[in-house]
Amino acid sequence: MNRKIRVWFGKGSWKFLNEWKDNLLSLSDLLDNRKQRILNTIRNSEELLEMEADQYRVNGYSEIEREKLNLINSTYNTLEQLENYKNETIHFEQQRAINQVRQRVLQQALQGALRTINS
């Protein structure tokens, strides 16, 4: 049950009450404006944080891609080195085998020559 109570304070009291009411409305407007500015600041801060987070994500993805390419290039270079070492090892082993065969052939030729000389 809402009841309106009006109090009469004498001559000019309605003017005072109207001014007081206007001041309250003005204060309410000020508080509403302040509330809106605070909410806008919060929204702007959230948008800024989202933009910064997006930038970190983009930078992170770019860094991951760079690291991935570096790893691929490094792996390729390592494989190329291993291939070169393999080829050098094969060449070395071939030369060693050829030298062993030469030594055996020379040794057999010398032994044959010694037998011929001794007979």
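Okay, so let's go over this structure. Keep in mind that what you see is a predicted model, and the values were worked out from it rather than measured. (Residues numbered from 1 in each chain as written. Predicted model: local features only at pLDDT ≥ 70, side-chain atom pairs only at ≥ 80, totals over all residues. Heavy atoms only, no water.)

What about the overall build of the protein?
Here is step 1: Along the protein, the regular secondary structure elements total one helix and zero strands.
Here is step 2: For the protein, the accessible surface area stands at approximately 11800 Å², while carbon and sulfur atoms represent 57% of it. (Helix = DSSP H or I, 4+ residues; strand = E, 2+ residues; numbered from the N terminus. Areas by Shrake-Rupley, 256 points an atom, 1.4 Å probe, with all protein chains shown as cover.)

Brief notes about the pattern of salt bridges
Here is step 1: Overall, the coordinates contain five salt bridges when judged by the stated rule.
Here is step 2: In this structure, R66 engages E63 in a salt bridge whose closest nitrogen and oxygen atoms are separated by 2.7 Å. On the criterion of helical spacing, the pair formed by R66 and E63 is a turn pair, its members being three residues apart in helix 1 (residues 13–118).
Here is step 3: A relative accessible area of 45% places R66 in the partly exposed class.
Here is step 4: Judged by relative accessible area, which is 35%, E63 ranks as partly exposed.
Here is step 5: Salt-bridge contacts for E93 lead to R96; the nearest nitrogen and oxygen are separated by 2.8 Å. (Salt bridge = Lys/Arg side-chain N within 4 Å of Asp/Glu carboxyl O. Buried < 20%, exposed > 50% of the residue type's maximum accessible area, 1.4 Å probe, protein only.)

Some remarks on a nonpolar patch on the surface
Here is step 1: Where nonpolar side chains cluster on the molecular surface, the patch consists of L27, L30 and L31 and spans about 300 Å² of accessible area.
Here is step 2: Along the polypeptide, L27 turns up in helix 1.
Here is step 3: The exposure class assigned to L27 is partly exposed, which follows from its relative accessible area of 44%. (Patch = residues over 30% accessible without salt bridge, like charges linked within 9 Å, V, L, I, M, F, W, Y side chains within 5 Å.)

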